[in-house]
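Here's the letter readout for the chains.
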Amino acid sequence: MNDPASPIRFRRLAESDFPLLRGWLAQPHVARWWNHETTIEAVHRDFGPAARGEEPSEDFLALLGGTPVGLIQRCAYADYPEYDAELRPVADVPSGAMSVDYLIGDPAWTNRGIGPRMIAAMVARTWSDHPAATCVLVPVSAANRASWRALEKAGFRRVAEGPLTPDNPIDDPLHFVYRLDRVPTPN
């Protein structure tokens, strides 16, 4: 297995990665929180437009020593007004706010500190890829302790909590909202 301390790299998710992604979505530790259909048709339907560049969200495989270990989705709230509108009663959504969603696919890679490193690496990449980004704002189910702890370890701070539509209908609507602001660079 690759060294868990290796740098995390990213590459855009391609349709050829869909069988891998499908397997990850079926893993119990992922299925619990992502609540996604795992047929190949559903994966193509839901991830195909981003992979083909037909929608503004960006899906990346997180690679550790060349091995895919996770997925990160990144988007600007301005590109998804329905999410922006749902979040605004709970938290301030500044102009330029971005969001990420993430998973570690293989359970062998969980509980090894990779999640926080993966999130932090994507945030650093966000600042360079999206110069107008002001912050990364992530709502997470209050019941998903592993997810919000990963955000905290990646430097995010909890800024709000309130009801949002859960990804999994079995969950309570209570979500915590985490934020990491871009640090201004000196002139």
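So, here is what we can say about the structure in this document. (Residues numbered from 1 in each chain as written. Predicted model: local features only at pLDDT ≥ 70, side-chain atom pairs only at ≥ 80, totals over all residues. Heavy atoms only, no water.)

1. Focus: the packing of aromatic side chains
Working definition: an aromatic ring pair is given by the centre-to-centre distance plus the angle between the planes. To keep it simple, the criterion reads: Only Phe, Tyr and Trp rings take part, Trp by its six-membered ring, and two of them pair if their centres are within 6.5 Å. Stacked means planes under 30 degrees apart, edge-to-face means over 60, and tilted covers everything else. The secondary structure listing takes helices from DSSP runs of H or I that are at least 4 residues long and strands from runs of E that are at least 2 residues long, numbered from the N terminus. Type-normalised accessible area, obtained with a 1.4 Å probe on protein chains alone, sets the label of each residue: buried when under 20%, exposed when over 50%, and partly exposed for intermediate values. Cation placement over rings: the criterion is NZ of Lys or CZ of Arg within 6 Å of the ring centroid and within 35° of the ring normal.
Tallying each qualifying case throughout the model produces three aromatic pairs. Considering the side-chain rings of Phe10 and Phe60, the 6.3 Å spacing of their centres and the 75 degrees angle between planes classify their relative orientation as edge-to-face. Of this pair, Phe10 sits in strand β1 (residues 8–12) while Phe60 sits in strand β2 (residues 58–64); the two residues are 50 residues apart in sequence, bridging distant segments of the chain. Both residues of the pair, Phe10 and Phe60, belong to the buried class. With centroids separated by 5.9 Å and ring planes inclined at 40 degrees, the aromatic side chains of Tyr80 and Tyr83 adopt a geometry described as tilted. Look at Tyr83 and you get partly exposed, because its relative accessible area is 48%. The ring of Trp148 carries the charged tip of Arg158 above its face, separated from the ring centre by 4.8 Å. The positively charged end of Arg158 is found above the aromatic ring belonging to Phe176, 3.5 Å away from the centroid.

2. Quick notes on the pattern of salt bridges
We apply this condition: We define a salt bridge as a contact between a side-chain nitrogen of Lys or Arg and a carboxyl oxygen of Asp or Glu at a distance within 4 Å.
For the structure on display, the rule yields 16 salt bridges. One salt bridge in this structure joins Glu37 and Arg45, with 3.1 Å as the shortest N-O distance. Take Glu37: its relative accessible area is 45%, and that puts it in the partly exposed class. Here Glu54 makes a salt bridge to Arg52, at a shortest N to O gap of 2.9 Å.

3. A closer look at the sheet that holds strand β7 (residues 174–181)
Keep this limit in mind: Here, a strand pair is defined by DSSP locating no fewer than two bridges between the strands. Every axis corresponds to a line fitted to the C-alpha atoms, with the helix fit spanning only the stretch in contact, and the corresponding angles, defined between N-to-C directions, vary from 0 to 180 degrees. By the convention used here, residues are in contact when the closest approach between their heavy atoms is within 4.5 Å.
Read from one edge of the open sheet, seven strands run β1-β2-β3-β4-β5-β7-β6, paired in mixed fashion. Only two strands of the sheet have a single partner each, and these edge strands are β1 and β6 (157–163). Strand-to-strand twist in this sheet, taken as the mean axis angle between neighbours without regard to direction, amounts to 30 degrees. As judged from the six bridges shared by β6 and β7, these two strands associate in the antiparallel manner. The partner of Gly162 across the bridge, within β7, is His175. Together, β1, β2, β3 (67–76), β4 (97–104), β5 (135–141) and β7 form the strand contacts of helix α5 (residues 114–129), whose direction differs from that of β3 by roughly 45 degrees. Contacting β4, β5, β6 and β7, helix α6 (residues 145–153) crosses the sheet at an angle of about 155 degrees to β5.

4. Quick look at helix α3 (residues 40–51)
Filter applied, for reference: Here a helix's expected span is defined as the number of its residues, less one, multiplied by 1.5 Å.
Helix length check: α3, at 12 residues, gives a terminal C-alpha distance of 14 Å against a target of 16 Å (1.5 Å per residue), a shortfall beyond 12%. Those residues of α3 that sit buried are Ala42, Val43, Phe47, Gly48, Pro49 and Ala50. The inward-facing, buried residues of α3 abut β1, α1 (18–26), α2 (28–34), β2 and β3. Backbone geometry just downstream of α3 places Gly53 in the positive-phi region, at approximately 75 degrees.

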